[in-house]
Amino acid sequence: MRFYLLRLLAMLSLVGAPAASAAPTPRLVIAISVDQFSSEVYARYRENYSAGLKRLSSGIAFPVGYQSHATTETCPGHSTILTGDHPSHTGIIGNSWFDRNSGSTVYCVEVAGNNDPRARGPQKLRVTTLGDWIKQAHPRSRVVAISGKDRAAIMMGGHKPDLVAWWVDGVGFETSQYAGRADDEIQNILERENAGFAKAWSSAPPTLWPAQVPAYCQSLVKPHHFGDIDVNGKVPPTGAVEATAAPGFASRKEFQGAFRASPLSDTLALDFAANMAERWKLGSRRNTDLLAISLSATDYVGHLYGNGGAEMCAQIHALDQSLGAFLHRIDRLSVPYLVVLTADHGAADAPERLKEHGITAERVDGGAVIRALNQHLRHALSLDSDPIIADDAQLLYVSSPGDARLARRISSEAVNWLRQQSSVEAVLTRDAVAAAAPVAGKSPAELTLAERLNESFNPDRSADIFVEFKKYTTFGWPHRQGASVAGHGSPWDYDRQVPILFWWRGAPSKTSSAPVETVDIAPTIANMIGIATPPVDGHCLSRVRICSGKGAPGN
Ligand code: ZN
C-alpha cells in the first residue's frame, strides 16, 4: 500500500526531466499497434516489405521486443504501450476478469454501474498515458486514438483524448461519452467518416481482399483441416467475396465477420487516422500531438486462419501497402513526426499446421478441464456447488464465501489435481506469484514463469490459481466456419515477442537484438518530445535517444 501511495504522489508531481535532444523534436507522435503482430510473423516477411513496413523497419528496429507479462491478451497488451507500465500497475490484468465484489465478470473497458450497454471508458485503467502526460504539460495538444476495437483505442487514448473511436459492427466508427469527448464536433466527424464509406459501398460493394495473392505467398496456398473445419487456404478466403454480394450486405453478420478479418478494416482505420491528421492539422502546433492507431485485422485473420498460411501472408502484404499510403499522406503535412510501431501480443499458428513443421502442439478444451476440476473438488471435499470460477482456464478464482480455511483446502486440492494433468506445464498459487517480482533490470527474455505472471498480477483483480499449459496449447476445438482456429494469451515467448520499430526522417538505421520492452516506448517518446513522466516500469531506450537519468544500458 505504501508503495502505491508513493507512486501516486510521484505521479501527481510528474517527476523527471527531458534530456538534451539531438534530432528535431517531433511535433506529431504516431503510435501504431498491429494487433497480434508477433516477432515471428514480422521477421518471416521482412525481406518482402516494400512500403510502410519497409520504411518503418529502416529506422531503429528491435525485431524481438517484449510484451513481457504472462497474460498476453489485447487489453493488457495495449495498456502497456503508452503507459510505460506492466499490467500489474495498469490494473488491466486481462480482457476481462472475475470481480470478487460483484460476483461477476467485468470487461476491461466497461463502465461500472452504467446501464448503457455501449458505455465504454478507461475507468479501470489505473495509470496515466503518454497522451495524458502531453495534455497535462500542454493542454492545447491533441490526442487522437482510433482502432477496430474499443479496448485497444481506449487503452492507447488514455483518460483525456480529444477523439477516441473504434469500430462497431453495423454502425462504423463510434465513441462513448465515458471514453472521451462526445460533443457535436466529435459526432459530426464520426458521422462524416461513416457516411463516406457507406456512400462508397452503396455504389459498389467493397473489395475486402486484393484479388491476387502476392507471388511470395503463393507457396502457402494449401488446404488444411483445423478441428472440424476444412480451410482451402486460398486468398481471398472462402466467404469473403460472397459476404459482399447480397443486397444489404453491410448489415449482415457474415459481412461483419469477413470485414473485420480483412485488410480493408485496417485501411479504413488508417484512412480515418490520416483524415484526422489533416482535419486537425496534427503536428502544426507549438507542442506535440499524439495520434494512436491500433490495427485489428491481423488479429482477426490470425484467429480465423492461423498465422502460417497464405491468408496471413496476404494480410501482412496489404498492411505494408496501407501503411505506406498512410505515411505518404502524413508526409504531405510537412511536419516533423515520429512513428513507433509495435503489437499488443504475438500468437501461435493453428496446432495442426505447427505439427507439419515438427512442433508438438495440441488443442485443449479449457472448459472441460475446469468442469472436471470442479467435479473432482466437489467429490473430494464434499461440496454442494462448484468452487472454481474461471472464464479462462489459466486464471482460476476460488469461491468459498466467508470461509478462508475452506478456500485454502480448495486451493491446495485444486493445485494438486491440476499438476497431474498431462496438458499442464505448471501451476502457481497467488502467494507464489505475488512474491515473484523480477529484480530491476532483469531481461524479459530471462523471466521465470512466476515473474511473467507477477507482471500481470494485481492484488485486487487477479486470480487465486495460475495454470500454465504446455507450449503450443490452443484452447478450443473449432466446429464450424467462422470459429477461431488459433490464438494467444499464454506466457510463452511466441505470444510475448513483438517487434518495436522507431522511425523518423533522418533516423539512424539500426537493427538491434536487444530485448527491449513495450513499457520502454512511452518513457522513450516522452524523453524525445521533452515531456516529464511519472515513475513507470519502463526505461528510456538509450540507443534511440541519449536519455537523462537512467536509460536501459546497451539498448
Ligand atoms: Zn490483441
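Residue positions within a chain follow its written sequence, with the count starting from 1. Where totals are concerned, whole chains, interfaces and linings use all residues; where local detail is concerned, this predicted model gives features only for residues with pLDDT of at least 70, and gives and counts side-chain atom pairs only at 80 or more. Values shown for side chains rest on all heavy atoms present in the structure; no hydrogens or waters enter the calculation.

**Quick look at the coordination of the zinc ion**
In ideal tetrahedral geometry, four donors around a metal make angles of 109.5 degrees, whereas ideal octahedral geometry with six donors gives angles of 90 or 180 degrees. The rule for donors is simple: N, O or S, within 2.8 Å of the metal, or within 3.2 Å if the metal is Na, K or Ca. Water isn't counted, so a site may look like it is missing partners. Coordination of the zinc ion by the protein comes from Asp-35 (OD), Thr-74 (OG1), Asp-344 (OD) and His-345 (NE2), over a distance range of 2.0 to 2.2 Å. Coordination at the zinc ion comes from four donor atoms whose angles at the metal span 94 to 134°, giving a geometry best classed as tetrahedral. Read in sequence order, the donor residues for the zinc ion give the motif D-x38-T-x269-D-H. Linking Asp-35 in the loop between strand 1 (28-34) and helix 2 (39-44) with His-345 in the loop between strand 11 (337-342) and helix 13 (351-356), this pair joins segments that are 310 residues apart in sequence. Summarising the burial analysis for this pair, Asp-35 and His-345 share the class buried. By the criteria applied here, four donors are tetrahedral when all angles lie between 85 and 135 degrees, four are square planar and six octahedral when opposite donors are over 155 degrees apart and every other angle lies between 65 and 115, and any other arrangement is irregular. A run of H or I in DSSP counts as a helix once it spans at least four residues, and a run of E counts as a strand once it spans at least two, with each numbered from the N terminus. Throughout, exposure labels follow a simple rule: accessible area from a 1.4 Å probe, protein chains only, divided by the maximum for the residue type, with under 20% read as buried, over 50% as exposed, and the rest as partly exposed.

**Comments concerning the sheet that holds strand 2 (residues 60-66)**
Each strand in a sheet pairs with another by means of backbone hydrogen bonds, the pair being arranged parallel or else antiparallel. With mixed pairing, nine strands are arranged side by side in an open sheet as 7-6-5-10-1-11-18-2-19. The two strands at the open ends of the sheet, each matched to only one other strand, are strand 7 (172-174) and strand 19 (510-511). Alignment of strand 1 against strand 11, held across six bridges, turns out to be parallel. In the sheet register, Ile-32 faces strand 11, and the bridge partner there is Leu-341. At least two DSSP bridges between two strands are needed for those strands to be called paired.

**A short note on the sheet that holds strand 16 (residues 465-469)**
With antiparallel pairing, the four strands of this open sheet are ordered in space as 13-14-16-15. Each edge of the open sheet carries a strand with a single partner, namely strand 13 (388-392) and strand 15 (424-429). Here the average twist between neighbouring strands, direction ignored, is 20°. Inspection of the sheet shows strand 14 (residues 395-398) paired to strand 16 by two bridges, in the antiparallel sense. Its bridge partner lying in strand 16, Leu-396 is registered against Ile-465. Against the sheet, helix 14 (residues 366-381) touches strand 13, strand 14 and strand 16, its axis set at about 175° to strand 13. Axis definition: a line fitted to C-alpha atoms, limited for helices to the stretch in contact. Angles are taken between N-to-C directions and run from 0 to 180 degrees. Note on contacts: a residue pair is in contact if any heavy atoms of the two residues lie within 4.5 Å.

**Section: the packing of aromatic side chains**
Between rings of Phe, Tyr and Trp, where Trp is taken as its six-membered ring, a pair exists when centres lie within 6.5 Å; planes separated by under 30 degrees are stacked, by over 60 edge-to-face, and by other angles tilted. With the rule as written, the count across this model stands at 20 aromatic pairs. An aromatic cluster of three or more residues is present, and its members are Trp-167, Phe-173, Phe-197, Trp-201, Phe-249, Phe-255, Phe-259 and Phe-272. We call a charge positioned above a ring when the Lys NZ or Arg CZ atom is no farther than 6 Å from the ring centre and deviates by at most 35 degrees from the ring normal. Its end group placed over the ring of Tyr-300, Arg-260 keeps NZ or CZ at 5.2 Å from the ring centre.

**Brief notes about the state of the cysteines**
Defined simply, a disulfide is a covalent bond joining two cysteines at their sulfur atoms. Whenever a pair of cysteine sulfur atoms sits within 2.5 Å, that pair is classed as a disulfide. If you walk through the whole model with that rule in mind, you get two disulfides. Shown here is the disulfide that connects Cys-75 with Cys-108, its sulfur atoms set 2.1 Å apart. Every disulfide takes its handedness from the sign of the S-S torsion; for Cys-75 and Cys-108 that torsion is 100°, giving right-handed. On the criterion of sequence distance, the pair formed by Cys-75 in helix 4 (residues 74-81) and Cys-108 in the loop between strand 4 (104-107) and helix 6 (130-137) is long-range, its members being 33 residues apart. Comparing Cys-75 with Cys-108, the two get one shared label, buried. Here Cys-217 is linked by a disulfide to Cys-313, with a sulfur-sulfur distance of 2.0 Å. Of note, the bridge from Cys-217 to Cys-313 carries an S-S torsion of about -80° and is left-handed in sense. In this pair, Cys-217 sits in the loop between helix 8 (184-203) and strand 8 (224-226) while Cys-313 sits in helix 12 (residues 310-331), placing the two residues 96 residues apart along the sequence.

**Some remarks on the side chain of His-69**
With respect to the helices, strands and loops of the structure, His-69 is situated in the loop between strand 2 and helix 4. Excluding residues within four positions of it along the chain, His-69 makes contact with Pro-76, Gly-77, Thr-80, Pro-87, Arg-452, Glu-455, Ser-456 and Arg-496.

**Looking at the nonpolar core**
With 75 residues, the main nonpolar core has Ile-30, Ile-32, Phe-37, Leu-163, Phe-173, Leu-291 and Phe-326 as its most contacted residues. Counting residues per element, this core draws most heavily on helix 12, at 10 residues. Excluding residues within four positions of it along the chain, Leu-163 makes contact with Val-143, Val-144, Ala-145, Ile-146, Ile-186, Ile-189, Phe-272, Met-276 and Trp-280. What we call a nonpolar core is a set of buried Ala, Val, Leu, Ile, Met, Phe, Trp, Tyr and Cys residues that are connected through their side-chain atoms within 4.5 Å.

**Re unusual backbone geometry**
In this structure, Pro-236 follows Val-235 across a cis peptide bond, with omega equal to 0°. Inspection of the secondary structure assignment puts Pro-236 in the loop between strand 9 (229-231) and helix 9 (253-260). One non-glycine residue, Ser-382, adopts positive backbone phi at about 55°. Positionally, Ser-382 belongs in the loop between helix 14 and strand 13.

**So, the pairing of strand 10 (residues 289-295)**
Consecutive side chains of a regular strand alternate in pointing toward one face of the sheet and then the other. Counted residue by residue, strand 10 has seven buried out of seven residues, so it is predominantly covered. Neither face of strand 10 is open: one carries Asp-289, Leu-291, Ile-293 and Leu-295, the other Leu-290, Ala-292 and Ser-294, and all of them are buried. For strand 1 and strand 10, the ladder comprises seven bridges, and the chain directions are parallel. Looking at the pairing, Val-29 lines up with Leu-290 of strand 10. Alignment of strand 5 (residues 143-147) against strand 10, held across five bridges, turns out to be parallel. The partner of Val-143 across the bridge, within strand 10, is Leu-290.

**Section: the environment of Leu-163**
Here Leu-163 is to be found in strand 6 (residues 163-168). As a C-alpha pair, Leu-163 and Leu-341 span 178 residues in sequence and 20 Å in three-dimensional space.

**A word on the domain arrangement of the protein chain**
Residue ranges assigned to the domains are those given by an automatic or database domain assignment. As assigned here, the protein chain comprises domain 1 (2-356 + 492-552) and domain 2 (362-471). Each of domain 1 and domain 2 was reduced to a C-alpha centroid, and the two centroids are 30 Å apart. Each partner contributes residues to the interface: domain 1 has 32 residues there, and domain 2 has 30 residues. Buried area, as used here, totals the accessible surface that two parts lose on assembly, with accessibility defined by a 1.4 Å probe and the loss added over both. When the buried area of domain 1 at its contact with domain 2 is split by residue, Phe-98, Arg-100 and Trp-492 rank highest and sum to 27% of it. Counted as salt bridges are all cases of a side-chain nitrogen of Lys or Arg within 4 Å of a carboxyl oxygen of Asp or Glu. Summed over the shared surface of domain 1 and domain 2, the result is five salt bridges. Of the charged contacts, one joins Glu-352 and Arg-363 as a salt bridge, the two residues approaching to 2.8 Å between their closest N and O atoms. When contributions to the side of domain 1 that touches domain 2 are tallied by element, the ones reaching two or more residues are helix 5 (87-90), strand 3 (96-99), helix 13 and helix 18 (493-496). When residues are grouped by polarity, Ala, Val, Leu, Ile, Met, Phe, Trp, Tyr, Cys and Pro land in nonpolar, Asp, Glu, Lys and Arg in charged, and all others, Gly among them, in polar. Across the side of domain 1 that touches domain 2, the residue classes break down as 14 nonpolar, nine polar and nine charged.

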